[in-house]
Amino acid sequence: MIRRWLAIGIILLFAGVTIATTINFNTVKASQQNEINERINQIDLLFQTIVDIANNKEIQRIILKSQMSRGIFPTSELPVITKNQIRQIYFIGLILSKLISKSKMQSIMVKYQFDNHKIQMEISAVIEMNPTLKGEISQLQQFNCDCDNENLLRWNFPLICGILLYVGGIGIVLQFFQVLNIIGMIIISIILPLIKIFNCI
């Protein structure tokens, strides 16, 4: 009888060890999937925030006023920026980042930051007064920053800052093309206040 209980106990122990490994694997897998979903949500919210800022009428008025004060008069209305366009610009920025180092892109953004300080302050004020935009920024600031990853630059929000630099870099490049100049100006005008809000530079 004791042997029988001992055999049953050993079988249950082996079954428990086997099941525990499976449960642990599924827990780790679910945790990794949650992290991937959070990153996707963070990127999607960031792109939506950029679109909302770019298409805000008050901010567009600030950008137009800035352009006109420089003697640049757009031939048409400011275009509506879509999330798909921001995604495409981001991927072009990723490709560009293979040619230009992140530190070089950062230094270019710093140069533009000083050139556009007044417009940044005006746009930041509009963001602060707009409940939707302010709410989106607050949500982005709530995300896990991934600060414990030592392979990333020392930013408070590495994922957000990386995306902002890529998109901003393309905005700078677009300013050199006559037809795309206004889109480049919109992107730079939108990205710089966000870079400041998230302490990317």
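Residues numbered from 1 in each chain as written. Predicted model: local features only at pLDDT ≥ 70, side-chain atom pairs only at ≥ 80, totals over all residues. Heavy atoms only, no water.

### Regarding the overall build of the protein
Across its full length, the protein holds 8 helices and 0 strands. For the protein, the succession of helices and strands along the chain, N to C, is α-α-α-α-α-α-α-α. Burial statistics for the protein: of 201 residues in total, 37% are counted as buried. The long-range fraction of contacts in the protein, counting pairs at least 24 apart against all pairs at least 6 apart in sequence, stands at 78%. Counting only carbon and sulfur atoms, one obtains 62% of the accessible surface of the protein, whose full area is about 12,300 Å². (Helix = DSSP H or I, 4+ residues; strand = E, 2+ residues; numbered from the N terminus. Buried < 20%, exposed > 50% of the residue type's maximum accessible area, 1.4 Å probe, protein only. Contact = heavy atoms within 4.5 Å. Areas by Shrake-Rupley, 256 points an atom, 1.4 Å probe, with all protein chains shown as cover.)

### Considering helix H3 (residues 83–99)
Here H3 contains 17 residues, and its C-alpha end-to-end distance of 25 Å stays within 8% of the 24 Å for a straight helix at 1.5 Å per residue. Of all the residues in H3, the buried ones are Ile86, Ile89, Tyr90, Gly93, Leu96 and Ser97. Projected down its long axis, H3 carries its buried residues within an arc of 120°, all on one side. Projecting away from the buried face of H3 at angles above 90 degrees are the exposed residues Ile95, Lys98 and Leu99. (Expected span 1.5 Å × (residues − 1). Arc of directions from axis to C-beta.)

### What about the pattern of salt bridges?
Inspection of the entire model under this criterion finds 5 salt bridges. Through salt bridges with shared partners, a single ionic network connects Asp44, Lys83 and Arg87. (Salt bridge = Lys/Arg side-chain N within 4 Å of Asp/Glu carboxyl O.)

### Description of the environment of Asn84
Mapping Asn84 onto the fold places it in helix H3. Sequence separation between Asn84 and Val51 is 33 residues; the distance between their C-alpha atoms is 9.6 Å.

### Digging into the packing of H3 against helix H7 (residues 158–174)
With their axes 8 Å apart at the nearest point, H3 and H7 run at an angle of 90° to one another. In terms of orientation, H3 lies roughly perpendicular with respect to H7. Along the contact surface, H3 presents Ile86, Ile89, Tyr90, Ile92, Gly93, Leu94, Leu96 and Ser97, while H7 presents Ile163, Tyr166, Val167, Gly169, Ile170, Val173 and Leu174. Split by residue class, the contact of H3 with H7 holds 12 nonpolar, 3 polar and no charged. (Axes fitted to C-alpha atoms, helices over the stretch in contact; angles between N-to-C directions. Parallel < 35°, antiparallel > 145°, perpendicular 65-115°, else oblique. Nonpolar A, V, L, I, M, F, W, Y, C, P; charged D, E, K, R; others polar.)

### Description of the confidence of the model for the protein
Model confidence for the protein is summarised by a mean pLDDT of 75, while 71% of its residues fall at 70 or above. Ranking the elements of the protein by mean pLDDT puts helix H1 (residues 2–54) last, at 66, and helix H6 (residues 131–142) first, at 90. (pLDDT = per-residue confidence, 0-100.)

### Structural notes on the packing of aromatic side chains
Considering all chains together, one arrives at 2 aromatic pairs under this definition. Ring pairing ties together the aromatic residues Phe47, Tyr90 and Tyr166, which thus form one cluster. (Phe/Tyr/Trp six-rings, centres within 6.5 Å; stacked < 30°, edge-to-face > 60°.)

### Some words on a nonpolar patch on the surface
A surface patch of nonpolar side chains, amounting to about 510 Å² of accessible area, comprises Val173, Phe176, Phe177, Val179 and Leu180. Among the structural elements, Leu180 can be located in the loop between H7 and helix H8 (181–197). (Patch = residues over 30% accessible without salt bridge, like charges linked within 9 Å, V, L, I, M, F, W, Y side chains within 5 Å.)

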